[in-house]
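Residue strings, one per chain:
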Amino acid sequence: MEAARATQLPGELRYIQYEHALEETYLPAIRALISKDLSEPYSIYVYRYFLYQWAHLCYMALNPADNSLIGVIICKLEHHASHSPPTYRGYIAMLAVSSAYRGHGIATALVKMAIDAMAERNADEIVLETEETNLPAMRLYERLGFLRSKKLHRYYLNGNSAYRLVLLLKSSAGSDVNRQPT
Amino acid sequence: MQNFDVPAPPPPNVSHPGVVVTDITDKFASAVKTLSPGELVKDDHFTLFESVSALEIMDPKMDSGVLSEGESLDEEYDVSRLLLPEEILGIIDQLLCLEMAWHLGYPLSQTLLTSVYVESLMNPRPTSIDEANFTRDPEICEKQPVLLFVLRAYCLGMLKSCYLVNQLVKDELYYEEEDFVTNTYDRTLLNDIPEASIIGLLQKARSDLRAAGNVSKDISAALDLRLELRIAFMRAIDLSTLRQANPDSLKMPWIQMRGLMEHIEKNHALGKSVPEAFSTKLQRRLASTMPPRPIVQLSFEECYGHFRRLFQDGIEVTDVLKYSEPQSLLTFVSTFQAKKPQPLVFIRTLLQSLLFKEMVVLGSYSIRQILDHDLSLTVLPCSPQIDPANDNIEVPSDPRHQTAAQMEIFRQRVAESYLDIFRIFCQNRCRVRRTLCHSIQEWDMLQADVEEIDNLLQINLDEKPLHTERGEIGYALPLSSWAYLYKLRQMEWIVQLGFELEVYQPDELAGMYWYLNYLAKTRAQHGDRIKMFNARSLDMARNRANHRHPATPNSSNNGGKKTAATATLSAAQEREFAQSKSYIRATMLDAACTWEFADGLCCLYTALGRVGLVGPSSSSYRNDLLRYEIRTKPFAAIGLPQRPAFDAFARATDQPDTSVPELLRYAAGAVAGARKGYEALAKTPDAQAFCVGAHERWVGGVRDCLRAAIAAGVAVSTLQGAYEKALDGAAVGGGGEGEGEGRKIEDSELDVKLKMEIPPPGKGYHDWWVVPKLTPLP
Ligand SMILES: CC(C)(COP(=O)(O)OP(=O)(O)OC[C@H]1O[C@@H](n2cnc3c(N)ncnc32)[C@H](O)[C@@H]1OP(=O)(O)O)[C@@H](O)C(=O)NCCC(=O)NCCS
């Protein structure tokens, strides 16, 4: 069901960083907003897994009129060692903007905040997966400089494939793209 | 206010020798009070995976026990209820749709195992064919609706087929869940019941059906077709294990099924569906913690389309057994797997099993035969290096003995990686690309390793470096050279699959086509090198032959003039040299087409970038050097060909010193060159194009490339015209007054008045050649 689209934003939005004290106020709204576009729900542990460990990488966009939740981004940042050389990898796990407020740059602002926060913490790269059919999400990330690194066949339970998107923040150790061929 | 606090129950009375009980209730209760809701006490072993697998009790999407108001836990459909003949037909067609959904990658739990009839056949697990009935109670059995035996026989045939497919898939390389779900949730799919007795039952059902008088002729015929389909299906799988048989005989059941399916589609409408005979509730009885998930419903048309393709692919796949040489085999596999839509996992694993099973290739050949055949076709025609006679030399000091030993080391080293190339192509397209990215690392190492064998053998065989008018070329290094050829082809495939899978954004196309051009050019140069060494081998072989059998034994009267030395090579040797010569020619022609076309598209996209039709996104996070690093990551560690430095790549792609008209002139020439090349390729007979057994598919692909090249030519000239017009317009409009030469007009200021569309994969002429469509704007 497509909610009516707001032609205008309700004034200057408030962007705040999540913290544990806000769980009671915002976790139900976060879950509701994110589950809307999911075929399979996440258990509450999935949210807590991220929010508890990386509250500092979760940002919310709030309606200035009543502080209700309009958009949210949830991330993690960890050492990733499954391939060499190991990297300090940021991961955008969830992103959603309430459908009535889409197309006003809210998600873009949230993603930028998350990138900045991860860059400040010395992330080497930021990755995420998105459904191949999710053009708005792909356009948004690619506009910010993300590249598709691979396609993942039937990645989601609904049978859709995904793209892995990557934004490299630092040159990876040992890689010298400017070495001159000998 | 009522106090809801219930006094705590007394602690259980645990008394057991050796167990000291400590009551921690109070400690736990007070510890818990220090946590607020949602605060986690998390140890390092609680991973994202665990949190994703956690269930929330009472959430209907996670808790399999949750029932909505008035809902019953279990299914109550009665399998002994009365069924009309048309309802049996309807259920069978519904089962066909579910079976296809399983082939497409959905789990049995959401497909066939949602059938109440299937469940009653399988649970409890039948150990004999008689037990495999809807009810096990003989009295009720007696009273079963008349045609239920048709449904029973159909279901047994279907389940056994699923068992056989599942086994086939599990034996080969595939990706669980991504490609296919082999999980049977503890249902055994009749593995205890021999195929023969099920086929017997199906045949009996067919004759009983014919004997049953009270059924309309149309419905009876429709049911019979479906029983026949089940028999043919089992037969097709059964025959495919006879890899040595005549491929055309393996085809028979597939051809039969294709015909049956046409008829089945026509009388599908006679059936009456029975939706109640399928229920998601049955999932609660399966070995799974998942709450019931919806039934995957394909429409009958979709189902029919997929089956038709499945049977067609089944007919074609058996042709792989008609072996002629390894390069045609590779063409067969790669073009078969490039079909759109890609053949189903069942067929892809069937192909793998035909290709290689129990150390036998295509049912009849050893790995050595194939490898040596490949070497003779590419780098070692008629070479003493692969002479089977070497094996018979037992004197260790004899160089031929040593050659045989070194070649065996070579085969051991490469066999797995070589067969992997074929296996990789049998994966889904995304996996093909990803796995090739790993495979080239392996081939890079392999090349270095086998070069050491080359070094040993060149001493052993007393090889001299090659000198030509171009100077010293060095040693042949045939094994390393062979590995390099395969590595280069894989690298090209990686880039080409990137286009096919839409991995590259429009502003990357110029760069990626430049890189493809670089790889193809390297392959062509490498082909040229192989050609020179093969020519030398031919000369040497002729000289040797000549030496052994002087052309004119009593030559005193012809002044010692030799007649053509060629006469002294055996016909088989001549053929072997000629074949490798045509292989090198074919690969060089193919590489030339790729490099020309890629060059042309690179220039076209660069020009489109100049006039602002392909814009790089500008973002503060964008860093072209780092983007290059991600894009070329699979190639970063490859020793040869080395990844170009970013500056060189950027300069070659952007071509800052070349004007737009020059770029377009260049693009026009390159694209026209590619076009001519494809025209020549399309006319090449199958033996010389190395697509024996796959000619139709191969030439179809070449013609698609040709069409793409023609379309690219049109795009180039459209842009040329629009650019000139825009330039004229700008000169007239913005021409300086009286100052002679006006200010130079930047390309980015021009309005070429064109709309550009980049066709998504499947919408252009060929997925590897992304040709923009340019249309003039008013
Ligand atoms: C994907 C999603 C998060 C985008 O949210 P959004 O707030 O609409 O995104 P933005 O407004 O930042 O960008 C969307 C468009 O608005 C445009 N836009 C940006 N700033 C704008 C502004 N100030 N005013 C108007 N439009 C603006 C953007 O250019 C963009 O245009 P494009 O579609 O041509 O690229 C949203 O569609 C969503 O929640 N989808 C469902 C969940 C989902 O798919 N999540 C991603 C999973 S990885």
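These figures come from a predicted structure and were not determined experimentally.

Novice: Mind showing me how you'd approach the overall build of chain A here?
Specialist: Along its length, chain A carries four helices and seven strands. Scaling as 2.2 N^0.38, a compact globule of 182 residues should have a C-alpha radius of gyration of about 16 Å, and chain A matches this with 17 Å. Along the first, second and third principal axes, the C-alpha atoms of chain A reach 65 × 35 × 30 Å. By residue count, 51% of the 182 residues in chain A fall in the buried class. Counting only contacts in chain A whose residues sit at least 6 apart along the sequence, the fraction spanning at least 24 positions is 63%.

Novice: Got a minute to help me understand the interface of chain B and chain A in this structure?
Specialist: The interface of chain B with chain A comprises 52 residues on the first partner and 53 residues on the second. Interface of chain B and chain A: buried area, both sides summed, is about 4600 Å²; carbon and sulfur atoms make up 55% of it. In this structure, the connection of chain B to chain A is made through one salt bridge. One salt bridge in this structure joins B:Glu56 and A:Arg31, with 2.9 Å as the shortest N-O distance. Where chain B touches chain A, the interface holds 19 residue pairs in polar contact (both at pLDDT 80 or more). At the level of secondary structure, the elements contributing two or more residues to the side of chain B that touches chain A comprise α2 (48–53), α15 (429–460), α19 (624–631), α20 (633–636) and α21 (646–654) of chain B. Among the elements that line the side of chain B that touches chain A, the one with the most residues is α19(B), at seven residues. The class makeup of the residues in the side of chain B that touches chain A is 22 nonpolar, 11 polar and 19 charged.

Novice: It is not clear to me how the site of the ligand should be interpreted in this structure. Could you clarify?
Specialist: All names here are of chain A. Taken together, 17 residues lie near the ligand, and Leu-95, Gly-103, Gly-105, Thr-108 and Asn-134 sit nearest. Within the backbone of Gly-103, one N or O atom sits 2.4 Å away from a nitrogen atom of the ligand. Between Arg-143 and the ligand, the recorded distance is 2.8 Å, taken from a side-chain N or O atom to an oxygen atom. Alone, the ligand offers 940 Å² of accessible surface; in the complex the protein occludes 70% of this. For the shell around the ligand, the secondary-structure elements that each account for two or more residues are β4 (87–97), α3 (106–120) and α4 (135–143). Ranked by the residues each element gives to the shell around the ligand, the list is headed by α4, at four residues. A per-class count over the shell around the ligand returns seven nonpolar, five polar and five charged.

Novice: What's the story with the nonpolar core in this structure? I'm lost.
Specialist: Considering soluble globular proteins, one finds that nonpolar side chains tend to be buried as a cluster. Among the nonpolar cores identified, the biggest contains 277 residues, and A:Ile30, B:Leu151, B:Trp482, B:Tyr513, B:Phe597, B:Tyr678 and B:Trp769 are the most heavily contacted of them. The contacts of A:Ile30, once residues within four sequence positions are left out, are A:Tyr18, A:Tyr47, A:Met60, A:Leu69, A:Val72 and A:Ile74. Counting seven residues, the second-largest nonpolar core is a separate cluster that includes A:Val127, A:Val166, A:Leu168 and B:Leu626.

Novice: Looking at this structure, how should I read the environment of B:Leu519?
Specialist: All names here are of chain B. Note that Leu-519 resides in helix α17 (residues 509–548). Overall, the relative accessible area of 0% leaves Leu-519 in the buried class. When the C-alpha positions of Leu-519 and Asp-218 are compared, they lie 61 Å apart, and in sequence the two are 301 residues distant.

Novice: Where do I start with the domain arrangement of chain B in this structure?
Specialist: Quite often, the size of an interface is put as the accessible area lost when its parts meet. Residue and element names in this part refer to chain B. Taken as a whole, chain B is organised into domain 1 (85–298), domain 2 (377–503) and domain 3 (522–548 + 567–732 + 745–778). Each partner contributes to the interface: domain 1 provides five residues, whereas domain 2 provides four residues. Across the domain 1/domain 2 interface, buried area totals approximately 470 Å², and carbon plus sulfur atoms make up 38% of it. The largest contributions to the domain 1 side of the interface with domain 2 come from Leu-173, Tyr-175 and Glu-178, which together make up 83% of the buried area. Counting every contact that joins domain 1 to domain 2 gives one salt bridge. Partitioned by chemical class, the residues of the side of domain 1 that touches domain 2 number three nonpolar, no polar and two charged.

Novice: Please clarify how the pattern of salt bridges should be interpreted in this entry.
Specialist: When the charged atoms of two side chains with opposite charge come close together, those side chains can pair. Residues and elements named next belong to chain B. Summed over all chains, the structure comprises 58 salt bridges over all chains. Here Asp-179 makes a salt bridge to Arg-348, at a shortest N to O gap of 3.1 Å. With Asp-179 in the loop between α6 (148–170) and α7 (195–211) and Arg-348 in helix α12 (residues 345–355), this residue pair connects regions lying 169 residues apart in the sequence. Note on accessibility: Asp-179 and Arg-348 belong to one class, buried.

Novice: It is not clear to me how the pairing of strand β4 (residues 471–474) of chain B should be interpreted in this structure. Could you clarify?
Specialist: Across a regular strand the side chains alternate sides, sitting on one face of the sheet and then on the other. Residue and element names in this part refer to chain B. In this sheet, β4 lies alongside strand β3 (residues 466–468) in antiparallel orientation, the contact comprising three bridges. Bridge pairing links Thr-468 to Gly-471 in β4. Linking β3 to β4, which pair antiparallel, is a turn of two residues.

Novice: Just checking my understanding: could you explain the environment of B:Leu456 for this structure?
Specialist: Tracing the sequence through the fold places B:Leu456 in helix α15. Through-space distance from the C-alpha of B:Leu456 to that of B:Asp224 is 67 Å; in sequence the pair is 232 residues apart.

Novice: When you look at the sheet that holds strand β5 (residues 125–131) of chain A in this model, what are you seeing that I'm missing?
Specialist: Through backbone hydrogen bonds, the strands of a sheet pair up, either in parallel or in antiparallel fashion. One open sheet accounts for seven strands, arranged β1-β2-β3-β4-β5-β7-β6 (chain A); its pairing is mixed. Of all the strands in the sheet, just β1 (14–17) and β6 (147–152) of chain A have a single pairing partner and so form its edges. Across the sheet, the axes of successive neighbouring strands diverge by a mean angle of 25°, strand direction being ignored. The strands touched by helix α2 (residues 44–53) of chain A within the sheet are β3 (69–80) and β4 of chain A, with β3(A) carrying the most contacts at an inclination of about 70°. Each of β6 and β7 (162–168) of chain A is contacted by α19(B), which is oriented at about 20° to β6(A), the strand it contacts most.

Novice: When you look at unusual backbone geometry in this model, what are you seeing that I'm missing?
Specialist: For residues besides glycine, phi is generally negative; the peptide bonds are generally trans as well. Residue and element names in this part refer to chain B. A cis amide bond, omega -5°, links Asn-123 with the succeeding residue Pro-124. In this structure, Pro-124 sits in the loop between α4 (116–122) and α5 (138–142). Of note, the bond from Leu-640 into Pro-641 is cis; its omega dihedral lies within 30 degrees of zero at -5°. Examined against the element boundaries, Pro-641 turns out to sit in the loop between α20 and α21. Despite not being glycine, Met-58 has its phi angle at roughly 80°, a positive value. Examined against the element boundaries, Met-58 turns out to sit in the loop between α2 and α3 (85–103). In this structure Met-58 comes out as exposed when scored by relative accessible area, which is 60%. With a phi angle near 50°, Lys-753 is a residue other than glycine that sits in the positive phi range.

Novice: When you look at the packing of aromatic side chains in this model, what are you seeing that I'm missing?
Specialist: The geometry of an aromatic ring pair is captured by the separation of the ring centres together with the interplanar angle, meaning the angle of the planes. A full pass over the atoms with the stated rule returns 36 aromatic pairs over all chains. When the centroid spacing of 5.3 Å and the interplanar angle of 90° are considered together, the rings of A:Tyr49 and A:Phe50 count as edge-to-face. By relative accessible area, which is 3% here, A:Phe50 ends up buried. On the basis of an interplanar angle of 15° and a centroid distance of 4.2 Å, the ring pair of B:Phe597 and B:Trp769 is categorised as stacked. Taken together, the positions of B:Phe597 in helix α18 (residues 571–610) and B:Trp769 in the loop between β5 (754–757) and β6 (773–776) put the pair 172 residues apart, joining distant regions of the chain. Through successive ring pairs, a cluster of aromatic residues spans B:Trp514, B:Tyr515, B:Tyr518, B:Tyr628, B:Phe635, B:Phe646 and B:Phe649. For A:Arg148, the ring lying beneath its charged end belongs to A:Tyr163, and the centroid distance is 4.6 Å. Geometry around B:Phe233 places B:Arg230 over its ring, the cationic atom sitting 5.1 Å from the centre.

Novice: Looking at this structure, how should I read helix α8 (residues 217–240) of chain B?
Specialist: Think of an α-helix as turning once every 3.6 residues; residues three or four places apart then point the same way. With 24 residues, α8(B) should cover 34 Å at 1.5 Å per step; its first-to-last C-alpha distance of 34 Å lies within 8% of that length. Of all 24 residues in α8(B), 19 are buried, a share of seventy percent or more.

Novice: Looking at this structure, how should I read empty space enclosed by the protein?
Specialist: Rolled over the atoms, a probe with the dimensions of a water molecule shows which regions are left empty. Within this structure, the stated rule accounts for three cavities of 30 Å³ or more. One number sums up the size of the largest cavity: a volume of about 70 Å³. Every residue lining the largest cavity is listed: B:Asp319, B:Val320, B:Lys322, B:Tyr323, B:Ser324, B:Glu325, B:Ser328, B:Leu329, B:Phe332, B:Val692 and B:Gly693. In terms of residue class, the lining of the largest cavity is made up of five nonpolar, three polar and three charged. Size it by volume and the second largest cavity reaches roughly 40 Å³. Considering the residues around the second largest cavity, the lining is formed by A:Gly145, A:Leu167, A:Leu168, B:Tyr621, B:Asn623, B:Leu626, B:Arg627 and B:Ile630. Residue assignment for the lining of the second largest cavity shows that the elements contributing at least two residues are β7 of chain A together with α19 of chain B. No other element matches α19(B), which puts three residues into the lining of the second largest cavity. Tallied by class, the residues present in the lining of the second largest cavity amount to five nonpolar, two polar and one charged.

Conventions adopted
- Residues numbered from 1 in each chain as written.
- Chains lettered and ligands numbered in written order.
- Predicted model: local features only at pLDDT ≥ 70, side-chain atom pairs only at ≥ 80, totals over all residues.
- Heavy atoms only, no water.
- Helix = DSSP H or I, 4+ residues; strand = E, 2+ residues; numbered from the N terminus.
- Rg over C-alpha atoms; globule rule 2.2 N^0.38 Å.
- Buried < 20%, exposed > 50% of the residue type's maximum accessible area, 1.4 Å probe, protein only.
- Contact = heavy atoms within 4.5 Å.
- Buried area = accessible area lost by both parts, 1.4 Å probe.
- Salt bridge = Lys/Arg side-chain N within 4 Å of Asp/Glu carboxyl O.
- Polar contact = N/O pair within 3.5 Å; in protein donor to acceptor, adjacent residues only side chain to side chain.
- Nonpolar A, V, L, I, M, F, W, Y, C, P; charged D, E, K, R; others polar.
- Near = heavy atom within 4 Å.
- Areas by Shrake-Rupley, 256 points an atom, 1.4 Å probe, with all protein chains shown as cover.
- Core = buried A, V, L, I, M, F, W, Y, C linked by side-chain atoms within 4.5 Å.
- Domains from an automatic or database assignment.
- Pairing = 2+ DSSP bridges.
- Axes fitted to C-alpha atoms, helices over the stretch in contact; angles between N-to-C directions.
- Phe/Tyr/Trp six-rings, centres within 6.5 Å; stacked < 30°, edge-to-face > 60°.
- Lys NZ or Arg CZ within 6 Å of the ring centre and 35° of its normal.
- Expected span 1.5 Å × (residues − 1).
- 1 Å grid on protein atoms, 1.4 Å probe; cavity = no way out; pocket = protein on both sides within 12 Å on 5 of 7 lines; lining within 4 Å.
- Points joined across faces, edges and corners; volume = space filled by probe spheres on them.

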